[in-house]
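# Reading the structure
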Amino acid sequence: MKNTILILLVSLVALTSCSKENNDKDNGLSRVVFDPGHLKFISNSLNPKKETMSALYGNEKALESLSKESQTPEVGAVMKLVTWKYHDNPQYIGGTITGELVSIETVQTDQSGNISYAVKDDLTESSSPDKEERIKYFMSYRPVSRP
């Protein structure tokens, strides 16, 4: 009889202590997944001050330009720098995941060698980045080496 009461008591404590919490901290935000299309992943970066993470995508010409450490992209190069806010990952302590999309910056070179820069920006701050400075920033990325 004592064992039965003990088992019931332990079961009751175990069932009531494991309550299901609602960890929905989205605040109505939706995550946007970026589709790079034909572009390949080149590199990534993290900005802890702004709590953002970025991924650089590009075509083969962009990869060649960045591998050579040149100052300007080669003719036909297309690069996109996608920036997201990051948040703590609720499933892993110390991990982060991408959140809302902040911006998509595009640098491309046409057949004449003209370099164009465009930004699709969802930031609340109204700041127009310096085109030349942003192109230098793109060219400062180094491709990640994969085994």
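Higher on the page you've got the structure.
Now for a look at the structure at hand.

Our focus in this paragraph is the side chain of Asn59. Relative to the helices and strands, Asn59 resides in the loop between strand 2 (52-58) and helix 2 (60-67). What makes Asn59 buried here is its relative accessible area of 16%. Here Ala62 takes part through its backbone nitrogen, which lies 3.0 Å from a polar atom of the side chain of Asn59.

Attention now moves to the environment of Ser112. Looking at where Ser112 falls in the secondary structure, it is placed in the loop between strand 4 (96-109) and strand 5 (115-121). When the C-alpha atoms of Ser112 and Gly76 are compared, they prove to be 9.1 Å apart, with 36 residues separating the residues in sequence.

Below, the discussion takes up the sheet that holds strand 2. Spatial strand order, 1-2-3-4-5: 5 strands in an open sheet with antiparallel pairing. Looking at the sheet topology across the chains shown, the edges are occupied by strand 1 (40-47) and strand 5. The mean inter-strand angle of the sheet, taken between neighbouring strand axes irrespective of direction, is 20 degrees. Note that strand 2 and strand 3 (residues 78-88) share 7 bridges and pair antiparallel. Bridging from a neighbouring strand, Thr52 pairs with Lys85 of strand 3. Strands in contact with helix 2 are strand 1, strand 2 and strand 3; relative to strand 1, the strand with the most contacts, it is inclined by about 55 degrees.

What follows covers the pattern of salt bridges. Applying the stated criterion across every chain yields a total of 3 salt bridges. We note a salt bridge from Glu74 to Lys68, for which the minimum N-O separation is 2.7 Å. Relative accessible area serves as the criterion here: at 58%, Lys68 is assigned to the exposed category.

Moving on, we get to a nonpolar patch on the surface. A contiguous nonpolar patch, built from Leu9, Leu12 and Val13 and spanning about 290 Å² of accessible area, is present on the exposed surface. Structurally, Leu9 can be placed in helix 1 (residues 2-17). You can call Leu9 partly exposed: its relative accessible area is 49%.

The rules behind these values
Residues numbered from 1 in each chain as written. Predicted model: local features only at pLDDT ≥ 70, side-chain atom pairs only at ≥ 80, totals over all residues. Heavy atoms only, no water. Helix = DSSP H or I, 4+ residues; strand = E, 2+ residues; numbered from the N terminus. Buried < 20%, exposed > 50% of the residue type's maximum accessible area, 1.4 Å probe, protein only. Polar contact = N/O pair within 3.5 Å; in protein donor to acceptor, adjacent residues only side chain to side chain. Pairing = 2+ DSSP bridges. Axes fitted to C-alpha atoms, helices over the stretch in contact; angles between N-to-C directions. Contact = heavy atoms within 4.5 Å. Salt bridge = Lys/Arg side-chain N within 4 Å of Asp/Glu carboxyl O. Patch = residues over 30% accessible without salt bridge, like charges linked within 9 Å, V, L, I, M, F, W, Y side chains within 5 Å. Areas by Shrake-Rupley, 256 points an atom, 1.4 Å probe, with all protein chains shown as cover.

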